[in-house]
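# A structural walkthrough
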Amino acid sequence: MAKKIGIGSASAVAALSLSVSAFAQQSSTPQSTELEEVIVSGVRESLVQGLANKREAVQVVESIVAEDIGKLPDNNVVEALQRIAGIQISNRGGGEAEAIVIRGLNDTTTTWNGRNVFTASPPPASGRQLALQDIPANLISKVDVYKTRAADQLETGLAGQIDVSTRRPFDFDGFEMSLNARATTQEQREDIDPNASLLIANNWDVGGGKFGVMANASYSRVRYRDQSVTAGALVPFATANNPPAGLNCNGSGTAANWTPLERIFNGDCRVSEDPIWQAGTDAGLSTAPGSTLSFNGVNYPYVLGRDALFASDLEGDRKRPAATLAVQWAPNDTSEYTFEAFYQGYREETFNSLHFTFADWWGSLGANPASTVTYYPGTNLIKTRTVGAPFGFNSGDATKSDTDTFVYALNGKWQIGDKLALSADLSIQDSEYNTRFIAVRTERVPGSITLDFNAGNGIPSWHFNNDAEMLSPSTWTVGALFQNRGRQKGGAETLQVDGDYQLGDGLFRQLSFGVRYDDRSAESFSPRPTPEPFLGRNMSTLPSGMISTNSGFFDGEGNIPTAWAVINGYYLLDHAAEVRALYGVPTGGPSLLRAFEVQEATASAYVQTDIEIGKLQGQFGLRYVTVDTDMDFLNIIGGDRSSASKSVSDLLPSLTLRYALTDQVTLRFNYGETLRRPAFNDLNSNFALTGDLTGVGYGTGTSGNPDLEPATAKNYDLTAEWYFASDSAIYGTLFRRDLEGLVVPLTRRVTIPNTGLNTSSFVVTQPVNASDGKLEGIELGFVYFPEYLPGILKGLGVTGSFTKLDSDQTIPLTSADGQIIGTEDVAIFGVSDTSYNITLAYDRAGLGARLSYVWRDDFLDRNEARIFANPIGIWRQSEASLDLQLSYDINDKLAVSFDAVNLTEEMEQSYYAFGSAGGPSTHNFGNLLISRSFALGVRWRL
């Protein structure tokens, strides 16, 4: 792990110095800063400690520090990091935020107390990272975000490294007991959920040394409700007034013309052109009025409309048990031994009440179909229409998932003489993720649907001729049964040895060195695809407990149906064997096969030296790493096995210079090279296939690529920091990342027989190292606690940051068979050009408060499967959150708190776009309500 200048105590009242003289009087070795005592506590203490960590670190680092035991300033680690300069978070559904990017990149190395740790999980992480959202905030003492890297740090993580620190017994002066308890609620669910932790620690003098034990356990539960409505993909239709003429199919009969507003499918036997229209182009089909397609050599105009509308009403119940145990022994002043164990658990059960209706039928239009259609001004895009007899389905989807992660570690530190310090760390990890899914669809064909694809603010509107029929089981036919299972397993044994040798007072002050060996394993288990059986009986004949109805859907935010009947997902989970017997399939459910196994051995070594010339301090190092990967695959469809091996080596330099321009101003420069190794699931050559669910003539699929290489980054950072008061500063960074070999999806059309699905033709996406990119930008941040404020205002402060990014990467252009025929430049996924946050803080007389607002600009979230006529990119609209935290110390042992998240009830929205094509007004896509959450808490210390 990286060396940084320490500041000592982790007690609730910190003795810190951020004076000008303290920085100016640093000795020749980074560990010996003199500190002038400035007593701060609570909210202010947390911000001041984070600022001290930033000032004294060799690397460019940001810190979030818990202001008290079990009191990280947010509900989870991800949300706590959103107020750091350069960090953006998203995916706020499910009662919390879970996605994090650093300076626009999502590839982070996660460490626990300096050790590389991971959570077995499904893609995209696939066991490379720790699920930060699964770590209860109650266990955390500090989180460090390293935006630059030194040779003595792990080489992976293009975005940076996030180190989560939990407490140890030597952090306390003696006996310590702390209890934290909160009652939380998600406003759209209205359940009261517990969030509690207990810490017990003690130290004893043993002979000439010290012995300590600490145990910290946490349990949290969140019950939530995610409600979303989505307008489907764009597809072409014949016009209402002048549909194309056709040929006779199979050479017999009279030529058949198109019906007004008939959907245009490729492969139609009435047309000689193949394809009639090109699906999946970057910008989609033209939306200009009068745009045409060729039908048997004759150009006819077409119009564009959505294929479907759907709504999801998802209830979730998530539980997270977690615990840490630490034992420390310092037999004398020159040695220290630490044993640590970490357990992270995750349990989640969801029931998704899904309502889906097609909006592309032309077989029951009435006398004058043109009268029901309106268009967005100046386009051929349908905005409103009435559709007769649209097919639709509801689906009761139930998922049950769980993760158990264990880490055990033994660490020793020795001071050998005055110059040499050694440390050794041995850790063993094991993590397993399991999931199972079961769903039953019900179908119907109502009389008609009247719809508006954007009735306002990007939210579609629709109603059937009789919405009340949606609640009547007798109007629904029970359709297909869907099942799936999965398991991900991972393990690691890691040994790391580090040393520091003091060289004296010359140019070279310290020599650091170390070696690390890591043996990783990853396994993935999947079932063989099987056909979905169809029941075909009336829903009213089912047991009453098997039917569920929702109510109050979408909280009045849209003009849409607010309730419908669906198969009860909880019933499906609890009576899975009975449901399978009803369908005549094996009652035990799908059997798992080991789809792939990866063994990855990593060996690395580094050497690093600290230099000093007057006010200039520097650190230069080289890290050499070699990785040997053995892979074994099972073709889930065909049953044959294959294997592959790969070896890669890299030499990675790093350089950091730190110059004290004045007693208050520090400049830093860093150059470093980092890697991003392929996700384990991206190496898996098996196909994961989905049949033709929307009648486009082919299914979709994904597959990995065992030939993937690591992506690389060359990183440049230039930072200026002005510490203009004892606990106030302004800082800024210019940075650039040159990226090579980024993994991007490559799509091709393939034929895969004998899958058991309803088609043998698939559009398959596979990852390839076919992209280079550039990311550059500026970060600005500040912390300010003015000392001149009078009376009750004393203790008021403000902190904030602003980030401006510019990114681009090359994306391969391919032919229909997947051959790369060119490239184009697009924004890097997940990068918002602009983001900022501002926090008003107050700390006085036991009262602590934070009112914070975070905002990020639109960003390209992902590309859709190339099977439709809309622009390929799915963009997320700007996102924001206004949060409040209050705490009051009743006395030195007891405190109460109140937390509120998303006070302005923001909505997560998305739209289709590529370049100048698309946009939120005409190409709106998804709309997800984000619930407000509230928590009341109490903290007690003995």
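The shown structure was predicted, so the numbers you read here are calculated from the model rather than taken from an experiment.

Each helix and strand counted, the protein chain has 5 helices and 49 strands in total. The burial tally for the protein chain puts 56% of its 942 residues in the buried class. Counting contacts in the protein chain only where the partners sit at least 6 residues apart, residues at least 24 apart contribute 72% of the total. By element, 55% of the accessible surface of the protein chain is carried by carbon and sulfur atoms, the whole surface being about 35700 Å².

On to the pairing of strand β49 (residues 933–941), then. Going residue by residue along β49, you find S933, A935, G937, R939 and R941 tucked away on one face and F934, L936, V938 and W940 left uncovered on the opposite face. In this sheet, β49 lies alongside strand β10 (residues 176–186) in antiparallel orientation, the contact comprising 9 bridges. Bridge assignment links A181 to a residue of β49, and that residue is V938. The sheet contact formed by strand β45 (residues 894–901) and β49 spans 8 bridges and is antiparallel. Looking across to β49, one finds that L894 is bridged to W940.

Time to look at the sheet that holds strand β13 (residues 234–238). Overall, antiparallel pairing links the 3 strands, which are arranged β13-β15-β14 in an open sheet. Bordering the open sheet on either side are β13 and β14 (292–295), each of which pairs with just one other strand. Going from strand to strand, the sheet's axes swing by 50 degrees on average, the running direction of each strand aside. Pairing geometry for β13 and strand β15 (residues 298–306), over 5 bridges, is antiparallel. When the sheet's bridge partners are listed, V235 is paired in β15 with G305.

Looking at chain direction, strand β29 (residues 592–613) and strand β30 (residues 616–634) are connected through 18 bridges and run antiparallel. Counterpart to E612 in the pairing with β30 is Q617. Taking the residues that link successive antiparallel strands as the turn, the β29-β30 hairpin has 2 residues, and the phi of G614 there is positive, at about 60 degrees. In terms of strand pairing, β30 meets strand β31 (residues 641–660) through 19 bridges, oriented antiparallel. Within β31, the residue paired with T626 across the bridge is S649. Between the antiparallel neighbours β30 and β31 lie 6 residues, among them G639 with a positive phi of about 90 degrees.

In this section: the confidence of the model for the protein chain. Close inspection of predicted coordinates is inappropriate in any region flagged by low pLDDT. On average, residues of the protein chain score 88 in pLDDT, and 92% of them reach the 70 mark or higher. Mean pLDDT across the secondary structure elements of the protein chain bottoms out at helix α1 (residues 20–24), with 29, and peaks at strand β28 (residues 565–567), with 98. Here residues 1–40 scores under 50 on pLDDT; set against residues more than four positions off or in separate chains, the count is 95 contacts.

Bringing the environment of G246 into the picture now. Within the secondary structure layout, G246 lies in the loop between β13 and β14. Residues G246 and S90, spaced 156 residues apart in sequence, show a C-alpha to C-alpha distance of 49 Å.

Position of D268 among the secondary structure elements: in the loop between β13 and β14. Among the residues examined, D268 registers a relative accessible area of 17% and is labelled buried. Between the alpha carbons of D268 and S427 there is a distance of 61 Å; along the sequence they are 159 residues apart. Excluding its chain neighbours within four sequence positions, the residues that come into contact with D268 are W258 and I276. A polar atom in the side chain of D268 sits 2.9 Å from the backbone nitrogen of R270.

We now examine the nonpolar core. Burial of nonpolar side chains together is a common tendency in soluble globular proteins. Core analysis: the largest hydrophobic core is formed by 53 residues, its most contacted members being V229, I264, W277, F295, L451 and W462. If we skip the residues at most four places from it in the chain, L451 touches L309, A359, K383, T384, R385, V387, S461 and W462.

Attention shifts here to the sheet that holds strand β19 (residues 382–388). One open sheet accounts for 4 strands, arranged β18-β19-β22-β23; its pairing is antiparallel. Bordering the open sheet on either side are β18 (374–375) and β23 (461–464), each of which pairs with just one other strand. Pairing of β18 with β19 involves 2 bridges; the strand directions are antiparallel. Looking across to β19, one finds that Y375 is bridged to I382.

This next bit is on the packing of aromatic side chains. This structure, assessed with the given rule, holds 24 aromatic pairs. Joined through ring pairs, the aromatic side chains of F310, F356, F358, F391 and F393 make up one cluster. Directly above the aromatic system of W112 lies the positively charged group of R115, at a separation of 5.3 Å from the ring centroid. If you follow R385 out to its NZ or CZ, it ends over the ring of F237, 5.8 Å from the centre.

Looking at helix α5 (residues 576–583), one finds that the buried residues are A576, V579, R580 and Y583. Seen end-on, α5 carries its buried residues on one side only, within an arc spanning 100 degrees. Considering only its buried residues, α5 is in contact with β21 (420–444), β24 (477–502), β26 (534–538) and α4 (569–574). Residue G584 follows α5 closely and has a positive phi angle near 75 degrees.

Residues apart from glycine generally show negative phi values, whereas peptide bonds are mostly found in trans. A cis geometry characterises the amide bond from D274 onward to P275, with omega recorded as 5 degrees. Residue position: P275 is located in the loop between β13 and β14. Even without being a glycine, N91 presents a positive backbone phi close to 55 degrees. Here N91 shows up in the loop between β4 (87–90) and β5 (99–102). With phi around 70 degrees, F554 is a residue other than glycine that occupies positive phi space.

This next bit is on a nonpolar patch on the surface. Nonpolar side chains collect at one region of the surface, where Y501, L503, L507, F508, L511, F513, V607, I613, F620, L622, Y624 and L651 lie side by side and expose about 1000 Å² of accessible area between them. Those elements that place two or more of their residues in the nonpolar patch are β25 (508–527), β29 and β30. Counting through the fold element by element, Y624 comes out in strand β30.

The next thing to look at is the pattern of salt bridges. On inspection of all chains with the given rule, the structure shows 49 salt bridges. A salt bridge links E176 to R941; the shortest N-O distance between them is 2.6 Å. Separated by 765 residues along the polypeptide, E176 in strand β10 and R941 in strand β49 bring together distant segments of the chain. E176 sits in the buried class, given a relative accessible area of 10%. With a shortest N-O distance of 2.8 Å, D738 and R736 are connected by a salt bridge. Here the salt bridges do not stand alone but share partners, grouping K54, E62, R103, K147, D717, R737 and E779 into one network.

Turning our eyes to something else, we now look at the side chain of N216. Mapped onto the elements, N216 comes out in strand β12 (residues 209–231). With sequence-adjacent residues up to four places away left out, N216 is seen in contact with N138, L139, S197, L198, L199, A322, A323 and T324.

Tracing the backbone shows D883 in strand β44 (residues 879–889). Summary of buried charges: D883 has no salt-bridge partner, and the nearest side chain of opposite charge, R83, is 4.0 Å away. A distance of 2.8 Å separates polar atoms of two side chains, one belonging to D883 and the other to S881. At 2.9 Å, the side chain of D883 and the backbone nitrogen of N902 are in polar contact. Residues within four places of D883 in sequence aside, it is in contact with Q82, R83, R850, L851, S852, A900, V901 and N902.

Criteria and thresholds
- Residues numbered from 1 in each chain as written.
- Predicted model: local features only at pLDDT ≥ 70, side-chain atom pairs only at ≥ 80, totals over all residues.
- Heavy atoms only, no water.
- Helix = DSSP H or I, 4+ residues; strand = E, 2+ residues; numbered from the N terminus.
- Buried < 20%, exposed > 50% of the residue type's maximum accessible area, 1.4 Å probe, protein only.
- Contact = heavy atoms within 4.5 Å.
- Areas by Shrake-Rupley, 256 points an atom, 1.4 Å probe, with all protein chains shown as cover.
- Pairing = 2+ DSSP bridges.
- Axes fitted to C-alpha atoms, helices over the stretch in contact; angles between N-to-C directions.
- pLDDT = per-residue confidence, 0-100.
- Polar contact = N/O pair within 3.5 Å; in protein donor to acceptor, adjacent residues only side chain to side chain.
- Core = buried A, V, L, I, M, F, W, Y, C linked by side-chain atoms within 4.5 Å.
- Phe/Tyr/Trp six-rings, centres within 6.5 Å; stacked < 30°, edge-to-face > 60°.
- Lys NZ or Arg CZ within 6 Å of the ring centre and 35° of its normal.
- Arc of directions from axis to C-beta.
- Patch = residues over 30% accessible without salt bridge, like charges linked within 9 Å, V, L, I, M, F, W, Y side chains within 5 Å.
- Salt bridge = Lys/Arg side-chain N within 4 Å of Asp/Glu carboxyl O.
- Lys, Arg positive; Asp, Glu negative; His and termini not counted.

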